[in-house]
Amino acid sequence: MNVRKCEKCESYERRRWSSYYQPNGYHAIGMTHAYGYCRKYKARCLNVQKCTEKRNDG
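Residues numbered from 1 in each chain as written. Predicted model: local features only at pLDDT ≥ 70, side-chain atom pairs only at ≥ 80, totals over all residues. Heavy atoms only, no water.

## Examining the overall build of the protein chain
Thought 1: From N to C terminus, the protein chain includes 1 helix and 3 strands.
Thought 2: Along the protein chain, from the amino end to the carboxyl end, the secondary structure elements read α-β-β-β.
Thought 3: Of all 58 residues assigned to the protein chain, the portion counted as buried reaches 19%.
Thought 4: Contacts in the protein chain between residues at least 24 apart in sequence constitute 37% of all its contacts with a sequence separation of at least 6. (Helix = DSSP H or I, 4+ residues; strand = E, 2+ residues; numbered from the N terminus. Buried < 20%, exposed > 50% of the residue type's maximum accessible area, 1.4 Å probe, protein only. Contact = heavy atoms within 4.5 Å.)

Below is the structure:
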């Protein structure tokens, strides 16, 4: 499912993690990654095929 459609859902949760990388001869670099997670289907939003829950369009 498109993450943009999923963001307004009540089951949407933004999860993130950090990774550490140090190239040879250079200073360390910290990177933060994020993805959308659906608590209802217990999967990433990109892996959810179809959601029947009504979005809260406000």
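## Some remarks on the nonpolar core
Thought 1: Of all hydrophobic cores here, the largest spans 6 residues; its members are C6, C9, Y12, C38, C45 and V48.
Thought 2: Contact partners of C38, with chain neighbours within four places excluded, come to S11, A43, C45 and V48. (Core = buried A, V, L, I, M, F, W, Y, C linked by side-chain atoms within 4.5 Å.)

## Thoughts on unusual backbone geometry
Thought 1: Despite not being glycine, K42 shows a phi value in the positive range, around 55°.
Thought 2: Turning to its location among the elements, K42 is positioned in the loop between β2 (29-38) and β3 (43-44).
Thought 3: Residue K42 is classed as exposed on the basis of its relative accessible area, which comes to 64%.

## Concerning the packing of aromatic side chains
Thought 1: In total, this model carries 1 aromatic pair according to the counting rule given.
Thought 2: Ring geometry for W17 versus Y35: centroids 5.9 Å apart, planes at 55°, classification tilted. Note that W17 is positioned in strand β1 (residues 12-21) and Y35 in strand β2, a separation of 18 residues in sequence.
Thought 3: Positioned above the aromatic ring of Y37, the side-chain terminus of R15 is 3.6 Å from the ring centre. (Phe/Tyr/Trp six-rings, centres within 6.5 Å; stacked < 30°, edge-to-face > 60°. Lys NZ or Arg CZ within 6 Å of the ring centre and 35° of its normal.)

## Topic: the pattern of salt bridges
Thought 1: Within the structure shown, the criterion is met by 2 salt bridges.
Thought 2: Taking the shortest distance from any N to any O, the salt bridge between E13 and R39 comes out at 3.4 Å. Note that E13 is positioned in strand β1 and R39 in the loop between β2 and β3, a separation of 26 residues in sequence.
Thought 3: E13 sits in the partly exposed class, given a relative accessible area of 25%.
Thought 4: Here the salt bridges share partners, and the residues they tie into one network are E13, R15 and R39. (Salt bridge = Lys/Arg side-chain N within 4 Å of Asp/Glu carboxyl O.)

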